[in-house]
Each structure stands twice: as C-alpha cells, then as structure tokens.
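# Observations on the model geometry
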Amino acid sequence: MTEEDRPDDDVVSRLTLEQKASLTSGSDFWHTQPVEDAGIASIMMADGPTGLRKQAGEPGLSMGLSSSVPATCFPTATSLGSSWDTDLVERVAAAIAREARAEGVSVVLAPGVNIKRSPLCGRNFEYLSEDPHLSGELGLAFVRGLQSEGVGASVKHFAANNAETDRMRVSADVDERTLHEIYLAAFERVVTAGDPWTVMASYNRINGTYATENAWLLREVLRDTWGFEGVVVSDWGAVHDRAAALRGGTDLAMPPFGDDDAVVDAVRSGSLDEQVLDESVRRVLALVERAHAAAPADRGDPDHDDAASADDHLTHHELAREAATAGAVLLKNERVGGVPVLPIADAGSILVVGELARTPRYQGSGSSRVNPTRVDVPLDALREAAGTELAFEPGYTLDGTPEEDRTLRAAAVEAAHGDRVVVCFLGLPDSYESEGYDRTHLDLPPAQQELVQELASANPRVVVVLANGGIVTPVAWSREVPALLEMWLGGQAAGSAAADILLGRAEPTGRLAETIPFRLEDTPAYLDFPGHLGHSRYGEGVFVGYRYYDVRRVPPAYAFGHGLGYTTFAQGDLSVEVSGEGDDVRATVSVTVTNTGARRGTEIVQVYVSDLDAPVARPERELKGFARVTLDPTASERVTVELDARAFAYWHPTLRRWVVEPGTFIVSIGASSADLRRSVTVTVGGTEIRTPLSAESTLAEWSDDPVGGPLLAKAFGGTEDEPTAAGQAMAAQVPLSAFAGLAGFPRATVDALVAQVGSGGADAPSRGEGTARADEADEPTGRPVEALGDPGATP
C-alpha cells in the first residue's frame, strides 16, 4: 500500500462512531458498506479462483450456475498447481481480473494457498499443492496477475484451514514450528512479495481461538512480522463477535453480521479501543480508494458495454485450453508392441469409453463454481480432431445404477476387443468431492473400477483419462493399464486439451503437486484427519506429503513432482555456489538440461535441500526451487535457480524465529522427490545459535553451551567418583534445578547461575565463592558434573 492509498485522517475524524462501525461490515452479501454523507462508495467482491463467480440478481448465497454471470471456467487449482508454471498462472489470473473489471468486481476471493494436508479434504481442488514453497510461488503469481489488472486479491483461507468437516468450529491444534514451516509459509511468501489487497481469515479455530479473533495470527504474525497493510476480511460467516474480531485484527466482517450496535457499545464501554476501530476503518477506506483508482474510467457509462466481449471470451478459452494441457500429468506410458501407447498414431482406431467423455466433469462444487462461457466435450473434441465419427460406449452411469452399469459395462468390453486403442474416461462424480464436506476414501466408483479392469483384460491398449479434483489411488485397477493421463478438473477447455494430448498435438507438461499413495492408510494425517470432538491434532508435524513418505520409507504410487512427457531429458553438470552466511546466505544452483529424445518437450528442474545435522527433526529433503525449460531434440540449456536463506533455515521453537545454523547441506536436483539426478554437498556459514538456558535446562544443555558449560563446572565442581556410561546418560537429562535439589545445593545457586549465563558469564559463581552458595558449610553430594564430559567444551 502506498502513501497515496491511505485515506486522510480527517476523513476518519469526520465520521460518527456509528458510521465507522458500519464500515467494518458489508452492506449486503458481496458489497462493502457505503457512507453517502461522507462521499464513501462501496466496492464489490466475488468468488474465485477457478474463474469469476459473480452472482446475478439479488445478492445472496447461491451455488447454482444459473445464478451467476457467464465467465471463463479455468482449470482448478489442482491443475494449475500441477503446471509448476508461474508465468501461466499469472496470465490466467490476469484474464480472470479482466472479466472481473468488466463486471464491476473490485476484489476476487482468490487464490487459495492452504496446504493439502490430507487427500481427503473435500476442497483440495481449490488448493495448489502439498508443498509450501510451490504453493507460495504459484500463489504469488496469481496475486500478481489479478492485481496487474487493477483487481484485488484475497489470499485465503488464513490459516490452517485443511479440512471441511466441522470447518466453522474445529480447532486446528498445531505447534508453532509446524505452522511457520508448513501452513503459514505460502501466505508469508505471497504477503511479503505480492502486497495482496486483502487476506481472508478462515472459519476454524487455531489452537482454540477463532482465526478471525486470533491476535497472534493477524496482528503479531501477519501485520507486525510480515508487514501486511491491507484489509483482513473474514470468510463469509466466520465472525462470531464483531468487537472480538476487531480486537483480534479482522477489519471487515462479511457478509453483514448482526447490527453495528455491538461495535458501538463496545467502544463506549471501553472494551474496544476506538483507535483499534479507526485503524480498521482506515484500511477499509484505503481498499475502497485503491479499487476505485484502478477501475476503468468508463465504468458506469451507459454508452459503454461493461460485459467482457466475445473476443475476450474466445481468447480466454484458448488460454484455459493451454492451462489444462500444462497441468495434465502423464503418470504412466508403457510400450505395447515396442512403442509407447501415447500419443496415439492412428486416431481412427480409437474406441472412446466412459460417460465422462460425453458428460464431462471439469470443475468442483461449492463457492468456486463458475457458469462457463462454453464447454469442450472430450468425445466431440476427439471426433473433430480425428476427422471421423469415433465409436463410443458409455460404460457406466454417473449416478451408479447397478443393473444399468452391468449392461453398459458388458457392451463396452465387447466393443473393446480387437486392435483398436481404447480411451477410457474415468473420474469422480460431483457427489464425491465438494466444499462443505470431506471425502471418506480415495477410490473411483466401483462400477468404473470394474469396467477398466475388464477392458484391460479384453485389450492391451487401454488409455485411462482421469477427471478428479482430489487424487485417486489407481492401484486396484492400473497394473494392467499401460497409459494413465491425469487431467484433473481441467476447466471448460479440458476436453480439447485432452484430445490435443492423446493425439500428440500437445505434450502433457504437468508434474504432480501432491503425492499419490498406494493406500489411504499410508497418508501422513491418517490417524488425525479430520479430527475428533472439535479438535484436529496435527500430529504429523512438519512431515506433510512427500516429507512423510521419505522419512517413513513408505513408497508412494506416484511421487511428488512426478510426470512424464513425450520426450526424455538428462540433467547434468550440477554446480552450487554459496555466498554470505546466516540470514544473508545465498546459493546459485546451475545444471545443464539436455533433450535426449526425438520431440520438443518441457522439463521441470526441481531443487531439493537436505540438512545433515539439525538440532530439530527435519525432513530428509525439501523443495526449495524449480524451473521450467522447453527444448528441441538434442538441444541443451544451462538452467539456474537462486536460493535464499530460507532454503536452509528452520523455525527455532525456542527462539521463535527462523535460523540458519552453520553446517553441511546437500543440494539435489531431479525430476521428482523420488528421482534425484545429481547432488552436491555444500558448507553454509550460519549463526551459532545459543538456546537460552534456564533452571529447567538439562545438565547436558548447560554443558554443551559455550558460556553455560564453564559456569556450570565452576559453580558445582566435582568429585573423583566415575559413574557408569548409563549413569552419565541419565544424569545428562536431569534439569539443573532438579540436580541442584538432589545434590543438596540451595535454589540461590541455581538462580545465580541462570542470572550469570544471561549476562554472558561475568562473575560466574564457583564452589568457593559465597555469592554462589547460601551456606559455605554445605558440601555437594551426588554425582559429579565432570562425569558428563568436559564442561567447558564447545559444540
């Protein structure tokens, strides 16, 4: 926010208390509150992130397609996340913003950067990845795209909103390190680098406190630490107490919640500082000014057609087609008869199977549901591309009618015999995943599983094309299927994109943004998701997604980052140059990528960092950078990825800040988290971390500290007794206060020692100094400190 965006304090001072209270709540379901007497206009917000969902007619909550204006339905976040393409995501968001501006919408409620903690989350199709770095970079690109066109973003849902079950009440119980490293990191990246106009506070509680009332989250972290100056808007219906929400840091309650008397009464009673209210009013006014400054000059002109033009919609449809192709992941492509099944050389030999080819599912259900400008049907697109009337068998029903399913399956299997290629469209029906509830399993409908297994028995050339928002486990049916193409919920142009890929007119360039497990039981949050009795315990800590599979040695069906194309690549000649230290450390990672196949194609270089000697449990490797490169056959390119200090840092749970400790790290590059091609070991200069010592610190922690160790030895001395190794190990875990009590030392000795270490070690107490002991006649008893090793040794 610039100085020009901030409203004049005189504007706020001229408002009555009642007017100020009204500005912190909406005027209706989608608009902010105007104050006509003060010349303050309102602005409109609308749903995203798949495309613009602006409701037509009376404001209110409606999920029906007929209730919203036509707009381009782009691929869902699952598909965009799988593109690993920041430029593409920025262009998609800019297109959404252009349609929003044409409809008079100032803020689009997007992007969603929540982490895919569990594949069962019913809203995973709206989220980008299981990895915070990838989510952060793509979320930042989305914000830049929206705001480059003068439409504000609303980064959501802040924070730890990772399930739909009991979402308006559940407490996400998460330790602070896990929050910062996993669930806040993407938000931090977007906020600090993207200056989003708004951040949306989520429904859920975080460690017992509603996100909309959570001052630690909204004030200490978001504003004081990250420097956010925009508006914190509530998720729709997430405010329970207007005054508490304002105190906690929520500026704007949406939609209108009760009346404004609660805010006025709280100010007059002194339970809400009027200055806190004024701060929120200033931010809301700044948002309104920002939005109107960015609005088209001819908006509202009766001679100007505000609606997006047909040419815009055509251009955006082609962009949606490009995006669907970029996010498609070719999971499997085996050879049959000596050649890969895909791309299909003889289009006329195709048998299309699956009701989803005729009745496609291309977007999710809930508040992000878009009324598309058109829909490319896969069956029609394949027939048009092939130039012939391809045979089709529905194979199953979408509503799961058993008798009809059996009849349709038998007909499809009979038609599959012969030399033709069977392209089978499978996926999840609308009822399987949606905002508002979570999934209970990761399987395709039973009728679809039975169909594909019987097709594979009848024909060796079966290609499965999937349409789903959340992942599905392919194990039960995929072993005999030679080719598997994951199209996700690819938006209104997904049908044409699928035809392009199947026939080789385009290459699938997507890579998995989340791990696909063999079994639900293998997933990190299996025991704790979605929660119990109002609480969801994040017991897996930082080990989310591939981090968990790596450390537990649990092989996935398809690893994070995996994806095939129609050519092959080599990654070699890796170099890593490190400069600076601590918070200023930087690393330049360079690798030569060569297209070793016969077709032009795209490789995504993934950079992972491993910490070999951390004092906290860290993942075996973490994604810290990536780059896309497109090359012709035999061509090579030197690809460079820059890493900053955060690539080597962890959140210190005691110091409560990011730290980079000196030590050895491994920097690896590869094609997935399980396919690392090259690694380099580097030494990073960091800051020596001294964890604050207290009476509750163990003897080992005191002994290992460069200041505390000598002080400990001087204060307590030792004897000639030599304990066993077991005794040493046991003594090392004893807190200083307990040791002093057992050994007969007064508490004053402990307090003096803690005070001395806090001052850097000056005037350390010793056995012979009265300042360290209350009673000189008392002799130490118990095991000697020296038995723990050299107390003066530094780590």
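Cut-offs applied
Residues numbered from 1 in each chain as written. Predicted model: local features only at pLDDT ≥ 70, side-chain atom pairs only at ≥ 80, totals over all residues. Heavy atoms only, no water. Helix = DSSP H or I, 4+ residues; strand = E, 2+ residues; numbered from the N terminus. Rg over C-alpha atoms; globule rule 2.2 N^0.38 Å. Buried < 20%, exposed > 50% of the residue type's maximum accessible area, 1.4 Å probe, protein only. Contact = heavy atoms within 4.5 Å. Areas by Shrake-Rupley, 256 points an atom, 1.4 Å probe, with all protein chains shown as cover. pLDDT = per-residue confidence, 0-100. Pairing = 2+ DSSP bridges. Axes fitted to C-alpha atoms, helices over the stretch in contact; angles between N-to-C directions. Expected span 1.5 Å × (residues − 1). Polar contact = N/O pair within 3.5 Å; in protein donor to acceptor, adjacent residues only side chain to side chain. Phe/Tyr/Trp six-rings, centres within 6.5 Å; stacked < 30°, edge-to-face > 60°. Lys NZ or Arg CZ within 6 Å of the ring centre and 35° of its normal. Core = buried A, V, L, I, M, F, W, Y, C linked by side-chain atoms within 4.5 Å.

## Re the overall build of the chain
- A tally of helices and strands in the chain yields 24 helices and 28 strands.
- By the compact-globule yardstick of 28 Å for 795 residues, the chain fits well, its C-alpha radius of gyration being 30 Å.
- Projected onto its principal axes, the C-alpha positions of the chain cover 105 × 75 × 50 Å.
- Buried residues in the chain amount to 60% of all 795 residues.
- A separation threshold of at least 6 residues defines the contact pool for the chain, and within that pool the share at least 24 residues apart is 75%.
- Accessible surface computed for the chain: about 29,800 Å², of which carbon and sulfur atoms make up 48%.

## Considering the confidence of the model for the chain
- On average, residues of the chain carry a pLDDT of 90, and 91% of them reach 70 or more.
- Contacts of residues 763-795 to residues separated by more than four positions or lying in other chains number 71 contacts, the stretch itself having pLDDT below 50.

## Brief notes about the sheet that holds strand 9 (residues 231-234)
- Pairing within the open sheet is parallel, and its 5 strands lie in the order 1-3-4-6-9. Across the chains shown, the open sheet's two edge strands, defined by having one partner strand only, are strand 1 (45-47) and strand 9. Adjacent strand axes in the sheet meet at a mean angle of 30°, parallel and antiparallel pairs treated alike.
- Here strand 1 runs beside strand 3 (residues 107-109); their pairing, made up of 3 bridges, is parallel. Directly across from Met-45, in strand 3, lies its bridge partner Val-107.
- Across the sheet, helix 8 (residues 215-225) lies against strand 4 (152-158), strand 6 (198-201) and strand 9, angled at about 150° from strand 9, the strand it touches most.
- On top of the sheet, helix 11 (residues 274-294) reaches strand 1, strand 3, strand 6 and strand 9; it is set at about 95° to strand 9, its chief contact.

## Regarding unusual backbone geometry
- Of the consecutive residues Lys-156 and His-157, the connecting peptide bond is found in the cis state with omega at -10°.
- Cis geometry marks the peptide bond from Phe-529 to Pro-530; its omega dihedral reads 0°.
- By the element assignment, Pro-530 lies in the loop between helix 18 (494-502) and strand 19 (535-537).
- Positive phi is not limited to glycine here, since Arg-553 has a value of about 55°.
- Structurally, Arg-553 is set in the loop between helix 19 (546-552) and strand 20 (569-579).

## Thoughts on helix 14 (residues 378-386)
- All of the buried residues in helix 14 are Pro-378, Leu-379, Ala-381, Leu-382, Arg-383 and Ala-385.
- Gly-387 occupies a position one or two residues after helix 14 and carries a positive phi of about 70°.

## Section: helix 11
- For helix 11, built from 21 residues, the straight-helix expectation of 30 Å at 1.5 Å per residue is met to within 8% by its first-to-last C-alpha distance of 30 Å.
- Two or three places before Gln-275, at the opening of helix 11, Asp-273 has a side-chain oxygen 2.9 Å from that residue's backbone nitrogen.

## Examining the packing of aromatic side chains
- By the definition in use, this model includes 12 aromatic pairs.
- Between Tyr-546 and Tyr-608, the aromatic rings sit 6.0 Å apart at their centres with planes inclined by 85°, giving edge-to-face as the arrangement. Here Tyr-608 lies in strand 22 (residues 601-611) and Tyr-546 lies in helix 19, a separation of 62 residues in the sequence. For the pair shown, Tyr-546 and Tyr-608 are each scored as buried.
- Between Trp-651 and Trp-658, the ring centres sit 5.8 Å apart and the planes meet at 85°, which makes this aromatic pair edge-to-face. Accessibility assignment for this pair places Trp-651 and Trp-658 in one class, buried.
- Cluster of aromatic residues (ring-pair linked, three or more members): Trp-84, Tyr-546, Phe-560, Tyr-608 and Phe-626.
- Above the face of the Tyr-538 ring, Arg-117 is positioned so that its terminal group lies 3.8 Å from the ring centre.
- The cationic tip of Arg-646 hangs over the ring face of Trp-658; the distance from NZ or CZ to the ring centre is 3.8 Å.

## What to know about the nonpolar core
- Among the nonpolar cores identified, the biggest contains 98 residues, and Phe-158, Leu-184, Leu-217, Leu-222 and Trp-236 are the most heavily contacted of them.
- The contacts of Leu-217, once residues within four sequence positions are left out, are Phe-158, Ala-159, Leu-184, Ile-206, Ala-211 and Leu-222.
- Of all hydrophobic cores here, the second largest spans 66 residues; its members include Val-413, Leu-426, Val-465 and Trp-477.

## Topic: the sheet that holds strand 8 (residues 209-210)
- Reading across from one edge, 8-7-5-19 is the order of the 4 strands in this open sheet, with mixed pairing throughout. Here the strands that pair on one side only, and so sit at the sheet edges, are strand 8 and strand 19.
- Direction of pairing for strand 5 (residues 171-173) relative to strand 7 (residues 205-206): parallel, over a ladder of 2 bridges. The residue of strand 7 that forms the bridge with Ala-172 is Ile-206.

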